[in-house]
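# Examination of the molecular architecture
One letter stands for each residue in the lines below.
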Amino acid sequence: MECKGERSSTCGGANRLSIYRLELAQESARRCESMFPDGDPTLGSNPGVATDNRCMDRRFLPMRSKQLVALASFPGAGNTWARHLIELATGFYTGSYYFDGSLYNKGFKGERDHWRSGRTICIKTHESGQKEIEAFDAAILLIRNPYKALMAEFNRKYGGHIGFAAHAHWRG
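Since this is a predicted model, take the numbers as computed values, not measurements.

### Overview of the overall build of the protein
Scanning the protein from terminus to terminus reveals 6 helices and 4 strands. Element order for the protein, N to C, with α for helix and β for strand: α-β-α-β-α-β-α-β-α-α. Counting all 172 residues of the protein, 30% fall into the buried class. When the accessible surface of the protein is split by element, carbon and sulfur atoms take 55% of a total near 11900 Å².

### Digging into the pairing of strand β1 (residues 69-72)
Going residue by residue along β1, you find V69 and L71 tucked away on one face and A70 and A72 tucked away on the opposite face as well. Relative to strand β4 (residues 138-141), β1 runs parallel, the two sharing 4 bridges. Paired with V69 across the bridge in β4 is A138. As defined by bridge partners, β1 adjoins strand β3 (residues 123-125) across 3 bridges and the pair is classed as parallel. Bridge pairing links L71 to K124 in β3.

### Things to note about empty space enclosed by the protein
Under the criterion given, the structure shown has 1 cavity of 30 Å³ or more. Here the largest cavity defines a volume of roughly 30 Å³. The wall of the largest cavity is formed by Q67, L68, V69, W115, G118, R119, T120, I121, C122 and I123. Here the lining of the largest cavity is built from residues that sort into 6 nonpolar, 3 polar and 1 charged.

### Details of the environment of G101
Along the chain, G101 turns up in helix α3 (residues 101-105). Accessibility expressed as a relative area gives 25% for G101, which makes it partly exposed. Considering only alpha carbons, one finds G101 and R112, 11 residues apart in sequence, at a separation of 7.7 Å.

Criteria and thresholds
- Residues numbered from 1 in each chain as written.
- Predicted model: local features only at pLDDT ≥ 70, side-chain atom pairs only at ≥ 80, totals over all residues.
- Heavy atoms only, no water.
- Helix = DSSP H or I, 4+ residues; strand = E, 2+ residues; numbered from the N terminus.
- Buried < 20%, exposed > 50% of the residue type's maximum accessible area, 1.4 Å probe, protein only.
- Areas by Shrake-Rupley, 256 points an atom, 1.4 Å probe, with all protein chains shown as cover.
- Pairing = 2+ DSSP bridges.
- 1 Å grid on protein atoms, 1.4 Å probe; cavity = no way out; pocket = protein on both sides within 12 Å on 5 of 7 lines; lining within 4 Å.
- Points joined across faces, edges and corners; volume = space filled by probe spheres on them.
- Nonpolar A, V, L, I, M, F, W, Y, C, P; charged D, E, K, R; others polar.

Below is the structure:
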C-alpha cells in the first residue's frame, strides 16, 4: 500500500500520527551510488573505504523554512545519530534547541544556529512541556527501548557524545 499522506489515507496526513521506519544510511548510500553507476573510481584496492567526500557536503537550507520541525526524543534515544544520518541523506544541517560546542566542533554546524532561524531541516530537542511542543509545527519522534536509552545517556554523560563511560563510573 502506498502512503501519500493524504487526508483520505489512513496512514498519514495533517493531525494524524504516522510512523515510518527509515533506513537513512541506505538512502545516503544510494544517493552516493547514483554519482558512480559503474562504481566509485576513488575506492581503489579497498572497496570498504570511500575517499570521495561529496556525500559529506552539508549546508544550511537555501531559503528559510516557514515550518519548524522538531527531532524529539528522550536523551539517549539516538538523536545525534539520527541527525548525522539526516544530514548525510539530505545534505542539509540539522539544528538544536540547545548549543553543544562539542557537537559543533565535530561537524554539526547547525548546532550554533538559533533554533528558530529556519535555516536547518529539523531541530533536536528533548523538551516535553506544552509551551515547547507548541513552538514547533511538526515533529519527528524518536523512540528507543528505555533501558538502552538510559544506558546510552549514562555513557554520553560520562564519556561524551561518541564515547563510553569508564568502568569506574559503572561501579556504584
